[in-house]
Amino acid sequence: MTALNQLTAADFWALTKPKVVALIVFTAVVGMFLAVPGWPPLVNLIAGSVGIWLAAASAAAINHVLDARIDRQMARTRHRPLPRGRLAGGEAVIFAAVLGVASMLVLLVWVNALTAWLTLASLIGYAIIYTAYLKRATPQNIVIGGAAGAAPPLLGWTAVTGELHAHAFILFLIIFLWTPPHFWALAIYRRDDYAAVNVPMLPVTHGTEYTRWQILYYTILLFLITLLPWLSGMSGLFYLGGAVILGLGFLYYAWKLLQPPDEAFAMRVFNYSVIYLMALFGFLLIDHYLPRAAAPAVAWSLERVS
């Protein structure tokens, strides 16, 4: 392989936002393991992971295409392949289309139709509805658009069961409430970039103080919602302990962000939020295979939703 081909391959790889997609696939895989008492079927596990990865990578590439103009003007994104002229927009569109079609084929042939259609809906929700419209239309863009980003554990669940279940919606809700404080912390740090390209992120339209309080409110809600896996009998005390410790850490960061020690503290909140989500789902996964103590007295029965 020539140096030019190596560079081109790296540019296409960058279009997929590999770090973001890795977190997406991780939460989807945890959803697969939580969906069954033992081990998920190997074909569903592998094909589901590949199909969801392809769809997430396709959505990321479409995001690069639609945001190419503003990416050129933002310090955080001007190094991406399209703003730098490393790839043409048409090449990125074809690449995204191939990934998207491959995703649907893998999911339809080796997984199930429900997962394929839900994955397609998530792809459209993020790549088209959020990126092309919501992002530029309302300061609540990340809240509304967060539904697409919260879908992976739900997709993982359906990939091995072919059904929707209330427990899967708890996982969805956790990521849905995690997304605003996670992204708004980044938006505070990069608010000048967003203001320069007229993207109405909350710190731009309502100011940083208001956004900091919103981060705290959502973090409180997130802390409470992360108790649901234990309260519902889905997870045990090992998960509960991890969720409480991680949640208190997030609350500490959100509270301290109200009067941050320096401008860069918002990025420390952002970085912690990534570690938080990975660790939280890690606790869910480990707890699933530990001997289970008696369910809490306040637990309730969650029936399947078909």
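Residues numbered from 1 in each chain as written. Predicted model: local features only at pLDDT ≥ 70, side-chain atom pairs only at ≥ 80, totals over all residues. Heavy atoms only, no water.

1. Observations concerning the overall build of the protein chain
Argument step 1. Helix and strand counts for the protein chain come out as 15 helices and 2 strands.
Argument step 2. Here the C-alpha radius of gyration of the protein chain, 20 Å, is about what a compact globule of 306 residues would show, namely 19 Å.
Argument step 3. Over its C-alpha atoms, taken along the principal directions, the protein chain stretches across nearly 60 × 50 × 35 Å.
Argument step 4. By the burial criterion, 53% of the 306 residues in the protein chain qualify as buried.
Argument step 5. Put simply, 74% of the contacts in the protein chain that link residues at least 6 apart link residues at least 24 apart.
Argument step 6. Carbon and sulfur atoms make up 69% of the accessible area of the protein chain, which amounts to about 13,800 Å² in all.
Argument step 7. Across the protein chain, the 18 positively charged side chains and the 12 negatively charged ones have centroids separated by 5 Å. (Helix = DSSP H or I, 4+ residues; strand = E, 2+ residues; numbered from the N terminus. Rg over C-alpha atoms; globule rule 2.2 N^0.38 Å. Buried < 20%, exposed > 50% of the residue type's maximum accessible area, 1.4 Å probe, protein only. Contact = heavy atoms within 4.5 Å. Areas by Shrake-Rupley, 256 points an atom, 1.4 Å probe, with all protein chains shown as cover. Lys, Arg positive; Asp, Glu negative; His and termini not counted. Charge placed at Lys NZ, Arg CZ, Asp CG, Glu CD.)

2. Re helix H9 (residues 166-189)
Argument step 1. Here H9 is 24 residues long and its end C-alpha atoms lie 36 Å apart, about the 34 Å a rise of 1.5 Å per residue gives.
Argument step 2. At Thr-179, H9 shows its maximal bend, which comes to roughly 30°, and the proline Pro-180 appears one to four places after that position.
Argument step 3. The buried count for H9 comes to 20 of 24 residues, which makes it a mostly enclosed element. (Expected span 1.5 Å × (residues − 1). Bend = angle between axes of the 7 residues up to and from the residue.)

3. Things to note about the confidence of the model for the protein chain
Argument step 1. Per-chain confidence: the protein chain averages 93 in pLDDT, with 93% of residues scoring 70 or above.
Argument step 2. Within the model, the stretch residues 294-306 combines pLDDT values under 50 with 20 contacts to residues more than four positions away or in other chains. (pLDDT = per-residue confidence, 0-100.)

4. Quick word on the environment of Ala-97
Argument step 1. In this fold, Ala-97 is placed in helix H5 (residues 89-110).
Argument step 2. On the basis of relative accessible area, Ala-97 is assigned to the partly exposed category, the value being 42%.
Argument step 3. As for Ala-97 and Ser-58, which are separated by 39 residues in sequence, their C-alpha atoms are 6.9 Å apart.

5. Remarks on the packing of aromatic side chains
Argument step 1. Within this structure, the stated rule accounts for 17 aromatic pairs.
Argument step 2. Judged by centre distance (6.5 Å) and plane angle (50°), the rings of Phe-183 and Tyr-194 are tilted. Here Phe-183, found in helix H9, pairs with Tyr-194, found in helix H10 (residues 191-196); they are 11 residues apart in sequence, far enough to count as distant.
Argument step 3. Exposure remark for Phe-183: the relative accessible area of 15% places this residue in the buried category.
Argument step 4. One aromatic cluster in this structure is built from Phe-250, Tyr-252, Tyr-253, Phe-265, Tyr-272 and Tyr-276. (Phe/Tyr/Trp six-rings, centres within 6.5 Å; stacked < 30°, edge-to-face > 60°.)

6. A closer look at the environment of Ile-129
Argument step 1. One can find Ile-129 in helix H6 (residues 113-137).
Argument step 2. Overall, the relative accessible area of 44% leaves Ile-129 in the partly exposed class.
Argument step 3. The spacing of Ile-129 and Pro-261 is 132 residues in sequence and 37 Å in space, taken between C-alpha atoms.

7. Points about the pattern of salt bridges
Argument step 1. Using the criterion set out here, one finds 6 salt bridges in the structure.
Argument step 2. With a shortest N-O distance of 3.1 Å, Arg-80 and Asp-71 are connected by a salt bridge.
Argument step 3. On the basis of relative accessible area, Asp-71 is assigned to the buried category, the value being 2%.
Argument step 4. Linked by salt bridges that have partners in common, Asp-67, Lys-135 and Arg-136 make up one network. (Salt bridge = Lys/Arg side-chain N within 4 Å of Asp/Glu carboxyl O.)

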